[in-house]
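The primary structure of each chain is shown beneath.
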Amino acid sequence: MILKLIVFIGILNLTLSFDYVTPTDSYSTEENCLDFQFRCPEGRCISKAWLCDGKADCPESRADESNVTCPERKMTLRDKYGYEITEADVSGYVEVDMGMGEKGFICRSDYKYGGYHLNYNIQLKICRDLGFEGVVISNPGNISVTKIPPTKPVRVMECTLEAALSNDSLWEACEFRLRRDECDVDDMLWLACTSTTTIAEEEFSLIDTEGRTVNVSSGSLLYGTSLVCFNGFTDKEAEIVCQDMGFQGGYRSDSDTMSGLTSNSVEVNCSRYASTVDDCDVTDASYNYNCAYNSVYLECNENSTDPDNERTFWLSNERGDRITESGQRALLMFKEGTVCDDSFNDQAANLICQEMGFDISSSWESGMRDRTYTWNLPTTLDDVYCSPNDRVFWNCSYNTRYEDCSKDEDVYITCQNGKNNTLDFTLVDYTYTGERYTVTEPGVEGLLIFQGGTVCDDDFNSRAADLICQAMGWKSASRFSSGNRYSIQQEMETMLDDVWCEDSDMVFSDCYYNVESENCDHNEDIFLVCSDGETSGETDVFYMLDSAGRRFNDSNREGLLMYRNGTVCDDDFNTETGKLICQEMGFDFVINWRSGYDYSDIQDQYPTALDNAYCTVEDTVFWDCTYDEQDENCNHSEDIFIECGYETDPKVFEMRNGDGRVIGGEGYLVYGFPGISVGTVCDDGFDDKDARLICQNMGYRNFESWTPARDYRDGRREQLDIVLTDIDCGGADITDFSDCDTRQQNIDCTHKQDVYLTCTNVTDDRDRVGFYLFDVDTQKPAKNGDDLLLLVYRHSSSSAHGTVCDDDFNDIAADIICREMGYEMGAQRWSSGYDYSSEEFQGSVPIVLDDINCNSGDRVFSDCRFDLEDENCSHEEDVFLQCREDSPSTTDFDLVDEYGNSFMEAGREGLLIYKDGTVCDDYFNDRAADLICQKMGFDGAAYWTSSGYVSQWQQDRATTLDNVQCFDTSETFEDCNYEEFDENCSHDEDVLLRCEYRGAENMQFSLLNRYGEKIEGTNAEGLLTFNGGTVCDDGFNITAAHLICREMGFGSAVSWGSGSISWNYQRELTTNLDEIYCAQWARSFLDDCSYDTDDEDCDHNEDVFLTCSAIDDDDELSGSEFSLVDKKGNSFNESGMEGLLLFRDGTVCDDSFNSFAADLICKAMGFESAQNWRHGYFNSTNDRYGITLDDVYCNSSHVEIEECQYDIEEHNCDHSEDVILACTKQERGVYKLQKTGHTYAVGVAFKGEYDHPQIKGWLCDDGLTDETATWLCQDQLRFRYGKRAPSGELLDGMPYLKTNLSCMDEECSDIGYGENGLTCNNDTERAAIYCYNALQEYDVNVQSFDVTPKGKVVIKLRLKYFKEGEIHSGHGDWAKNQITVEYCGQPVKIKGIYGQGGRYKISGKTSGRCESQCYTIYIGDGFSHGTGC
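Residues numbered from 1 in each chain as written. Predicted model: local features only at pLDDT ≥ 70, side-chain atom pairs only at ≥ 80, totals over all residues. Heavy atoms only, no water.

**Observations regarding the overall build of the chain**
Per the secondary structure count, the chain includes 19 helices and 97 strands. Going through the 1429 residues of the chain one by one, you find that 50% of them count as buried. Summarising the internal contacts of the chain: among those between residues at least 6 apart in sequence, 68% fall at separations of at least 24. Surface accessibility of the chain: about 67,700 Å² in total, with carbon and sulfur atoms responsible for 42%. (Helix = DSSP H or I, 4+ residues; strand = E, 2+ residues; numbered from the N terminus. Buried < 20%, exposed > 50% of the residue type's maximum accessible area, 1.4 Å probe, protein only. Contact = heavy atoms within 4.5 Å. Areas by Shrake-Rupley, 256 points an atom, 1.4 Å probe, with all protein chains shown as cover.)

**What about the confidence of the model for the chain?**
Summing up the model confidence of the chain, the mean pLDDT is 76 and the portion of residues at 70 or higher is 77%. Between residues 146-158, whose pLDDT stays under 50, and residues either more than four places distant or in other chains, the model counts 77 contacts. (pLDDT = per-residue confidence, 0-100.)

**Observations regarding the state of the cysteines**
This model, assessed by the stated rule, comprises 28 disulfides. What pairs with Cys-682 in a disulfide is Cys-749, and their sulfur atoms sit 2.1 Å apart. Residues Cys-682 and Cys-749 are joined through a disulfide that is left-handed, its torsion about the S-S bond being -80 degrees. Placement of Cys-682 in the loop between strand E47 (677-681) and helix H11 (688-697) and of Cys-749 in the loop between strand E50 (741-743) and strand E51 (755-760) is noted, with a sequence separation of 67 residues between them. (Disulfide = S-S within 2.5 Å.)

**Here's the deal with the packing of aromatic side chains**
Following the criterion strictly, the structure yields 38 aromatic pairs and no others. Aromatic side chains Phe-973 and Tyr-978 sit 5.0 Å apart centroid to centroid with 20 degrees between the ring planes, which places their arrangement in the stacked category. On the accessibility criterion, Phe-973 (1% relative accessible area) is buried. Between Phe-1153 and Trp-1173, the aromatic rings sit 4.9 Å apart at their centres with planes inclined by 70 degrees, giving edge-to-face as the arrangement. Here Phe-1153, found in the loop between strand E77 (1146-1148) and helix H18 (1155-1164), pairs with Trp-1173, found in strand E78 (residues 1169-1175); they are 20 residues apart in sequence, far enough to count as distant. The buried category is assigned to Phe-1153, whose relative accessible area is 7%. With a relative accessible area of 30%, Trp-1173 lands in the partly exposed category. Every member of this aromatic cluster is reached through a ring pair, and the members are Phe-542, Tyr-563, Phe-622, Trp-623 and Tyr-627. Here the basic side chain of Arg-957 rests over the ring of Trp-953, its NZ or CZ set 4.4 Å away from the ring centre. The residue whose ring lies beneath Lys-1127 is Phe-1178, and the NZ or CZ to ring-centre distance is 5.5 Å. (Phe/Tyr/Trp six-rings, centres within 6.5 Å; stacked < 30°, edge-to-face > 60°. Lys NZ or Arg CZ within 6 Å of the ring centre and 35° of its normal.)

**Here we look at H18**
Taken across its ten residues, H18 has seven buried, putting it largely inside the fold. Taken together, the buried positions of H18 are Ser-1155, Ala-1157, Ala-1158, Asp-1159, Leu-1160, Ile-1161 and Cys-1162. The opening residue of H18, the one whose side-chain oxygen lies 3.3 Å from the backbone nitrogen of Phe-1156, is Asn-1154. Positive phi appears at Gly-1166, one or two residues downstream of H18, with a value of about 95 degrees. (Polar contact = N/O pair within 3.5 Å; in protein donor to acceptor, adjacent residues only side chain to side chain.)

**Topic: a negative patch on the surface**
Residues Glu-202, Glu-203, Asp-244, Asp-278 and Asp-279 make up a contiguous surface patch of negative charge. Note that Asp-244 resides in helix H5 (residues 235-244). Since its relative accessible area comes to 37%, Asp-244 is described here as partly exposed. (Patch = residues over 30% accessible without salt bridge, like charges linked within 9 Å, V, L, I, M, F, W, Y side chains within 5 Å. Salt bridge = Lys/Arg side-chain N within 4 Å of Asp/Glu carboxyl O. Lys, Arg positive; Asp, Glu negative; His and termini not counted. Charge placed at Lys NZ, Arg CZ, Asp CG, Glu CD.)

**Regarding the environment of Glu-558**
Relative to the helices and strands, Glu-558 is located in the loop between strand E37 (551-552) and strand E38 (559-563). Along the chain, Glu-558 and Met-544 lie 14 residues apart, while their C-alpha atoms are 8.3 Å from each other. Setting aside residues up to four positions removed in sequence, Glu-558 forms contacts with Phe-552, Arg-594, Tyr-599, Phe-641, Ile-642 and Glu-643. One polar contact links Glu-558 to Arg-594, side chain to side chain, over a distance of 2.9 Å.

**Overview of the environment of Gly-833**
For Gly-833, the location among the structural elements is in the loop between strand E56 (827-832) and strand E57 (847-853). Exposure remark for Gly-833: the relative accessible area of 15% places this residue in the buried category. As for Gly-833 and Leu-790, which are separated by 43 residues in sequence, their C-alpha atoms are 9.4 Å apart. Contacts of Gly-833, omitting those with residues within four sequence positions, involve Gln-842, His-875, Glu-876, Glu-877, Asp-878 and Phe-880.

**Regarding the pattern of salt bridges**
Going through the model one piece at a time under the given rule, you end up with twelve salt bridges. Residue Lys-407 pairs with Asp-410 through a salt bridge whose shortest N-O separation is 3.3 Å. Each member of the pair Lys-407 and Asp-410 is classed as buried. One network of salt bridges, in which partners are shared, links Asp-546, Asp-554 and Arg-557.

**Concerning the environment of Arg-908**
Along the polypeptide, Arg-908 turns up in the loop between strand E61 (902-903) and strand E62 (910-914). Along the primary structure Arg-908 and Val-896 are separated by twelve residues, whereas in three dimensions their C-alpha atoms are 10.0 Å apart.

**Observations regarding a positive patch on the surface**
A contiguous patch of positive charge on the surface is contributed by Lys-1350, Lys-1352, Lys-1356, Lys-1389, Lys-1391, Lys-1401 and Lys-1405. Classification of Lys-1356 by relative accessible area gives partly exposed; the value is 44%.

**Comments concerning the side chain of His-636**
Here His-636 is to be found in the loop between strand E42 (626-628) and strand E43 (640-645). We classify His-636 as buried; its relative accessible area is 15%. Side-chain polar atoms of His-636 contact the backbone oxygen of Tyr-606, separated by 2.9 Å.

**So, unusual backbone geometry**
Although it is not a glycine, Asp-916 sits at a positive phi angle of roughly 70 degrees. Relative to the helices and strands, Asp-916 resides in the loop between E62 and strand E63 (917-919). For Asp-916, a relative accessible area of 52% gives the class exposed. One non-glycine residue with positive phi stands out, namely Glu-1075, at about 50 degrees. Considering the arrangement of structural elements, one finds Glu-1075 in strand E72 (residues 1071-1077). The exposure class assigned to Glu-1075 is partly exposed, which follows from its relative accessible area of 39%.

**Topic: helix H14 (residues 926-935)**
For H14, the tally of buried residues reaches seven of ten residues, placing the bulk of the element in the interior. Three or more residues of H14 are buried, namely Ala-928, Ala-929, Asp-930, Leu-931, Ile-932, Cys-933 and Lys-935. Count one or two residues on from H14 and you reach Gly-937, which has phi positive near 100 degrees.

**Some remarks on the side chain of Asp-341**
Examined against the element boundaries, Asp-341 turns out to sit in the loop between strand E23 (337-339) and helix H6 (346-355). Buried Asp-341, no salt bridge; nearest opposite-charge side chain is Arg-1010, N-O distance 4.3 Å. Here Ser-366 takes part through its side chain, which lies 2.8 Å from a polar atom of the side chain of Asp-341.

Given below as structure tokens:
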């Protein structure tokens, strides 16, 4: 489609218009971008027009700004026929070439967004970029331009005033972005550029009415020989021009008529920051006919900045008496009248108080407080605005006339003395016990106290921090922040606000500040760190504690991470954050980090002091990161434990799993600096001795096995470099890995040669002392496995091996013994008995350990009580033990539908899966459901139940988790008890689970009036705020308005709108909520709507204003309030009969009405479902009623009409939209897919006895589309794609039941078979669809795989090739040449592939048979499509 785009920022706008074709979204995530798009490294597709525009649209890589060749852009001046203009003084329009084949023209203004014209300096900059010197005209009038397309998208140059006045070129000064708004050709910028500057530098002068130069202080204003136009000329320009002519100041009088004196005119515009005429724009206005009749008459003052050489400001009480006392609220007077609040601000209040001899303004407000006195007073001063740079009032902008002020805008002000009083600043800190102490050392953060109260962060800057630290005796400030960290803050007042210091301020008393606060809370209190100039800043902000609560600073040692006087929460914490924190503590990198509750006695003594710490690769120090210094939702199980290291530390070995996590026991081997860089180890030259020494290097006793990692495919490992190969530890004298030879350069290995290593603490020669496990089948010591193993113990090197008796043995003893053997997760299960097949060992050794008694306080086996001699045991009491090797990972749990299709959707019930098996409900409880949902990434469980129904897919699974028992004290699933095996469960005990996301707890909406006060009443328009900031209108709709009104305790929304800044405090707020979208079916803003709390593109012109109504008990509907009437107005309840739908005493409008709503209303009236519905005039019956219900919207998740969305009494309908409804007592069918070969038949089903749909008939293919097929595949079977397949024959002797099925956006509509003349003519029109997950798919069925002793390989297989779900006509013929085979980890050399039509024989050669005889077959895409042994 053609997209129209415009951007407006600030008051200066350049608009470029051009054709730009774009997809539906502004960017795509497809692998291949379109011709006009640029592909970011992270996969996002963006418009090439966004390259080199100063804004990173590739947010992670910034490749569109730093790693791209920027387009060559240029401008051309063209006449109305499109020919280029190269001569001076010839007018034309400006064509802009964006360098990507996109061309457009520049607009001179945009009336849609406030009517801003291009600044003269921008026009001059355009001419100079075109090679000219000046500009003379920018008013084309009505010009016919035939060489430009009539409508174009528009591009806007966003230029600040500083950019417009800079010496940079237009491309350097202004930013180019897309917007959707159009610029009319009649409003295009039309320029004539000159070879000299358009307006020569001239002098200002005053003339009388006959055009003579006068030597007095008033007259008509000339610039050279040109009249100065009254348009845009304010008292600000008057003040500066008068000073330029040698006067002290001045003001503008009425406009003057100087017709006939001169035809030349100029406009003079000075910014709010201008101080001399050099800072002002003087532009040609000769084209403006009105200027000759509206020129400036100026009055200048000779001896004072005060226009009347006297104090023109004064304070009045309600009787008109002058007030001179400090601290009294009074009406502000200017000369004989009042001051209007338009643009009035705090700086204006301060400077006006200083004009009257006071030190500062403590507050100001506007209104009509004294009606009797003020009613007849004129308004004599308006549009007052003072910037922070203005040092006296007469440098501010103001207007001595008013056009739009009323008496309720009069300014009241309170002035006071005392700015130069002795400053009383203190830094204090509080321990977690509440004890206060004064900060006396540099580098320590404290709460800033001023005269016993806190300091607000409004306008606070680094210069203010420096001067306050200097006032307290330090050199400067290290940093400042704000927050509410101590409960004691709530008991204090805010004593200082609006602190602003400039670089020129030498002491704090030179700064601007306010000793009263009206809009601060304690979340804005200042915390400050001061420096003595000798240290760089804070010390010991981060540190580590050991298990005894002692500080340490050792590398390669894990400790509890502390921030100031508290712990650090793991919310948003990542490796980059860990690295920068380690560097803050003096280390080089982070080795590892995790969260836990290991030091519970220590952790419970501290609060959580740091939360939501998040750093990116672009952050260079921790203080560049985002973080919160207060915690709202953390507990100590989320405390961070961290291990840091130095680059000088030795490199180490680690074993990792497929998720890239460090594990113990077995995994692929990596080598390097953990946290900085690690790489894999190649198997070239690797042997058993190398494996043993590396295991011992990692703290194990021995190795169990090693193999190449080719059978363990994962993307994380293959992203690493290979850093080590040719390991040689072969010398007899080599007993430590540090003495081995290695090669770390010029490595020519592939990742299929990565070493996969298994280490153990069990020795093969039985020489070890302590516990170990014994496999009675192999008669050897063994590693923990999937079954119980005999527990063996040896007390000392001189004593015998023997078994353990079960007397007093318990779960705690089993846990401790497993940990003693290196299994940190403890015991999985234990039992006792005698294995008669093991008499060779079990019956031949003594019982060496008895009466083992361990309690909950024991940490190691030596803490337990036990006997080393047996008095009363037999081998029937020998302990068998299975240890737990690892806690369940996030990927161990899953939710599936009845066909085994995985999904991770909140609010949807699924069968709970653990390691490809089901979970038994024995001991299962609500806490277990919550913790498992949290492990899968949800907030908790909505509910759980037992299956009661067993699908075929479910029946084929084993039960892999049983006896799950979680307690109220369990913080994570790892704290629960469970067993990874099943002895007594059937599948009707399988757990069904529904997880949910839970809305934010502290989302607060408010409505504020023009004074910033909260609106409590109804039907009053207010500014909508969210958590103290405004709400942007992007995506906002009436549904959002209704839901937000209800969130605030009102009824519904009366109206909403958005617009420009209208209240003073509005511009001081941040935009806290953006991109709001609430669908019509939404019932809760928090749960059902989408929104973004980060604003990137909103200004206050887009702030939402909202009016809410009161809660009305009649706003809630009931299903019992619906009825049907016939054409005579009589009620009825016959099935299949059409009638006018009534709600209460009126009709129902069809806005948003759908088949879900029709079904639920019919059910509420006692029917089974809706047969059909329509809208329109029933007959004269409609006119008897009002319209009482509108905007009824329901979806598939609603089970009762009361849950749907609706509006009662409020509507925008007429009776032609009334709902006419027919209900039926026959059940409505649902759709269920049944596999038929390579396609799926669409069955029509009805709910059976156990609420499981049973197919009763089939869908006819009339109207079936690819879109409907896709929806069915996604909804029913969780496939990614679907399309219509060739129709099939009727199945199972069942008839057609439905036709013309159409499904979109979770709503399906259809027609019952035989209705409205739509029928299927024969038995071969049954609807069929293809469902698939990839455009190309393969199905491999290995019939036989034979290898001779000499290595000859013969494989027989069947191969099917699918394209978009449809079996390819050549079956596997296209794909057969893509086949590769591996046997025992080595590639098979294929000599030939024979056969066709999907049946093939492969002959090949390998080195010979291997012990496992395992094979893997790959096809084309590199993924395994067949494995076996």
